[in-house]
Amino acid sequence: MDKTLKRWSPIFVLPTFIAFLISFLIPFVLGLYLSFCNFRTVTDARFTGLENYILAFSENKDFLNSLKFTVLFTVIAVITINVIAFFLALVLTKGITGTNLFRTVFFMPNLIGGIVLGYIWQVIINGVLYNYGYSITSNAKFGFIGLVILMNWQMIGYMMIIYIAGIQNISTDIMEAAKVDGAGKFVTLFNITIPSVMPSITICLFLTITNSFKLFDQNLALTAGAPSKKTQMVALDIYNTFYGRSGAEGQGQAKAVIFFIIVAVVALLQLYFTRSREVEN
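Numbering of residues starts from 1 in each chain and follows the order in which that chain's sequence is written. Only residues with pLDDT of 70 or above have their local features reported here, since the model is predicted, and side-chain atom pairs are shown and tallied only from 80 upward, although totals for entire chains, interfaces and linings are computed over all residues. Remark: hydrogens and water are excluded; side-chain values derive from all non-hydrogen atoms of the structure.

Some remarks on the overall build of the protein
We apply this condition: Strands are runs of DSSP state E lasting at least two residues, helices are runs of H or I lasting at least four, and both sets are numbered from the N terminus onward. Residue exposure (1.4 Å probe, protein chains only): buried if accessible area is under 20% of the type maximum, exposed if over 50%, otherwise partly exposed. Here, two residues are considered to be in contact whenever any of their heavy atoms come within 4.5 Å of each other. Under the convention used here, a 1.4 Å probe and the Shrake-Rupley method define accessible areas, while residue burial counts only the protein chains that appear. His is not counted here, nor are the chain ends, while Lys and Arg score as positive and Asp and Glu score as negative. Taken as the charge centre is NZ of Lys, CZ of Arg, CG of Asp or CD of Glu, depending on the residue.
Along the protein, the regular secondary structure elements total 12 helices and two strands. When the helices and strands of the protein are read in sequence order from the N terminus, they spell out α-β-β-α-α-α-α-α-α-α-α-α-α-α. Summarising its shape, the C-alpha atoms of the protein cover approximately 75 × 70 × 30 Å along the three principal directions. Here the protein holds 281 residues, and 39% of them are scored as buried. In the protein, the proportion of contacts linking residues at least 24 apart, taken out of those at least 6 apart, comes to 70%. As presented, the protein carries roughly 16300 Å² of accessible surface, and 69% of it is formed by carbon and sulfur atoms. The positive charge centre, built from 19 side chains, and the negative charge centre, built from 13, are 2 Å apart in the protein.

Observations regarding the packing of aromatic side chains
Which entries qualify depends on this criterion: In summary, the pairing rule links any two rings of Phe, Tyr or Trp, Trp by its six-membered ring, whose centres are within 6.5 Å, and it sorts them by plane angle into stacked for under 30 degrees, edge-to-face for over 60 and tilted for everything else.
Inspection of the entire model under this criterion finds 17 aromatic pairs. When the ring of phenylalanine 24 is compared with that of phenylalanine 28, the centres are 5.7 Å apart and the planes differ by 15°; the resulting orientation is stacked. With a gap of four residues between them, phenylalanine 24 and phenylalanine 28 both fall in helix α1 (residues 2-34), about one helical turn apart. A network of ring pairs unites the aromatic residues Phe39, Phe216, Tyr239, Phe242 and Tyr243 as a single cluster.

Things to note about the confidence of the model for the protein
Parts of the model with low pLDDT should not have their predicted coordinates read in detail. To keep it simple, the criterion reads: A residue's pLDDT is the confidence the predictor assigns to it, expressed on a 0 to 100 scale.
Across the protein, the average pLDDT comes to 90, with 98% of residues at 70 or higher. For the protein, the element scoring lowest by mean pLDDT is helix α7 (residues 172-180), at 81; helix α9 (residues 198-213) scores highest, at 96.

Concerning the nonpolar core
The condition that has to hold: The criterion is simple. A nonpolar core is a set of buried Ala, Val, Leu, Ile, Met, Phe, Trp, Tyr and Cys residues joined through side-chain atoms within 4.5 Å.
Core analysis: the largest hydrophobic core is formed by 52 residues, its most contacted members being Phe73, Met159 and Tyr163. Put simply, the parts of the chain that give this core at least two residues each are α2 (51-58), α3 (62-92), α5 (114-129), α6 (140-168), α9, α11 (234-244) and α12 (249-280). Setting aside chain neighbours within four positions, we find methionine 159 in contact with Ile81, Ala85, Cys204, Leu207 and Thr208.

Quick notes on α6
Selection rule: One fewer than the residue count of a helix, multiplied by 1.5 Å, yields its expected span. Side-chain atoms alone can form a polar contact between residues adjacent in sequence; in general such a contact is a pair of N or O atoms within 3.5 Å, and within protein one must be able to donate a hydrogen while the other accepts it.
Taking 1.5 Å as the rise per residue, α6 with 29 residues should run 42 Å; its terminal C-alpha atoms sit 41 Å apart, in good agreement. Backbone nitrogen of lysine 141 and a side-chain oxygen of the N-cap are separated by 2.8 Å at the start of α6; the cap is asparagine 139.

Notes on the pattern of salt bridges
Condition: Counted as salt bridges are all cases of a side-chain nitrogen of Lys or Arg within 4 Å of a carboxyl oxygen of Asp or Glu.
Counted by the stated rule, this structure contains three salt bridges. The partner of lysine 229 in a salt bridge is aspartate 62, and the shortest N-O contact between them spans 3.1 Å. Within this pair, whereas lysine 229 is found in the loop between α10 (217-222) and α11, its partner aspartate 62 is found in helix α3, the two being separated by 167 residues in sequence. Here lysine 255 makes a salt bridge to aspartate 237, at a shortest N to O gap of 3.1 Å. Residue lysine 255 is found in helix α12, and its partner aspartate 237 is found in helix α11; the two are separated by 18 residues along the sequence. Each member of the pair, lysine 255 as well as aspartate 237, carries the same accessibility label: buried.

Side note on unusual backbone geometry
Outside of glycine, negative phi angles account for most residues, and trans bonds account for most peptide bonds. A cis amide bond, omega 0°, links alanine 226 with the succeeding residue proline 227. Mapping proline 227 onto the fold places it in the loop between α10 and α11. Here the phi dihedral of serine 228 falls at roughly 55°; this positive angle occurs in a residue that is not glycine. Following the sequence through the fold, serine 228 ends up in the loop between α10 and α11. Here the phi dihedral of lysine 229 falls at roughly 65°; this positive angle occurs in a residue that is not glycine.

Concerning the layout of surface pockets
For the record, the criterion: Cavities and pockets were defined on a 1 Å grid built from protein atoms only: a cavity is a group of points that admits a 1.4 Å probe but offers it no way out, a pocket is an open group of points flanked by protein on both sides within 12 Å along at least five of seven lines, and a lining residue is one with an atom within 4 Å of any such point. Grid points are joined across faces, edges and corners, and a volume is the space filled by probe spheres set on the points. Any residue outside Ala, Val, Leu, Ile, Met, Phe, Trp, Tyr, Cys, Pro, Asp, Glu, Lys and Arg is labelled polar, Gly included; the first ten of those are nonpolar and the last four are charged.
In this structure, the largest pocket encloses a volume near 620 Å³. Around the largest pocket sit 21 residues that line it, and Leu90, Lys94, Met175, Thr188 and Thr193 are the ones nearest its centre. Within the residue set of the lining of the largest pocket, elements represented by two or more residues are α3, α6, α7 and α8 (185-196). Here the lining of the largest pocket is built from residues that sort into 10 nonpolar, seven polar and four charged.

What to know about the packing of α7 against α8
Operational definition: Fitted lines through C-alpha atoms give the axes, limited to the stretch in contact for helices. The angle between two N-to-C directions lies from 0 to 180 degrees. Comment on the angle field: the value is read as roughly parallel under 35 degrees, roughly antiparallel over 145, roughly perpendicular from 65 to 115, and oblique elsewhere. For any helix crossing, the convention is left-handed if the near helix is rotated counterclockwise from the far helix by under a right angle, and right-handed if that rotation is clockwise.
Interhelical geometry of α7 versus α8 gives an angle of 155° and a closest axis separation of 11 Å. Overall, the two elements α7 and α8 adopt an arrangement that is roughly antiparallel. For the element pair α7 and α8, the recorded crossing hand is right-handed. For the pair α7 and α8, the contacting residues are Ile174, Met175 and Ala178 in the first and Thr188, Ile192 and Thr193 in the second. Split by residue class, the contact of α7 with α8 holds four nonpolar, two polar and no charged.

Next up, the structure:
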C-alpha cells in the first residue's frame, strides 16, 4: 500500500502544484522582479535597481504615514476583537438559552462583503456625527474609530466560533478536578482555560493580524483615506500609487513587496510565540 501511494502521489499532487505555480509562485516572482523596474506593462520593464524602494520611503511621507496608521489600527483591532470574541465564547458555552441563535447572529457580519460593510458603517457613523456638525472624514480620529468598530463587527463572530470550538474541546475531567481543588473562576480561566485553548488563540491571532494589516475594501469604502490621506492604510496607499499615479507602477510594486515582508515577519513571529506556548502546555 505504501509503495503504491509513493508511486502515484506525484500524479495526484501535480494539479495542485500547477495551480500553485500559476496562481501564486510565478506572479510572486514576477512581481518581485518588477519591483526593481520602471514599467507600464510587463513587456516594457526596465531594470532600475533599488530606485523604487528608495522612492517609496523618500519621495513623500504617504507610505510611512500609512504604515504607522496600519500598525496602530492592527494593534487595537487585534486586541479588541480577540478579547471580546473570547468573552462571548465563554458566555455562549455556559448552556444559556438561545445559544445557537446568538452564534448565528454574531457570525453573520462576516458573510458580508468589505465594500458593503464600509458603506453601511459610513452611513451609520455619519448619521450620528451629522447631529454634531461632523462627518467621518472631517477628523482622522473618527475614521480610525470607525475602522476599528467595523473590523470588530465583522470579525468577532468568526473568532468567537473558533474560540467556542477550543473551549468545548477542554476535558471535563480537568475542569471538575479544578472545582474539587477549590480553584476560583479567575484561577481556572488563566491556569486551565486559556492554556488549553492556545491552538485556537494561535489561529485567531494569525487571522486577525493578517486581515487587519491587509485591510483594503473597508478602508476604501469607509473613508478612502480622508482627510488628507490620514486614514489611508498601506493596502490603499499601494493601490493609489500603482493605479493613481502614472509612471509609479514600479514604486507601487516595491511598496507591495515591503508590505508583504512586514506582514510575513509579524505573522511568523506570532505563530512561533503562540505555538511555543502550546508546546509548554
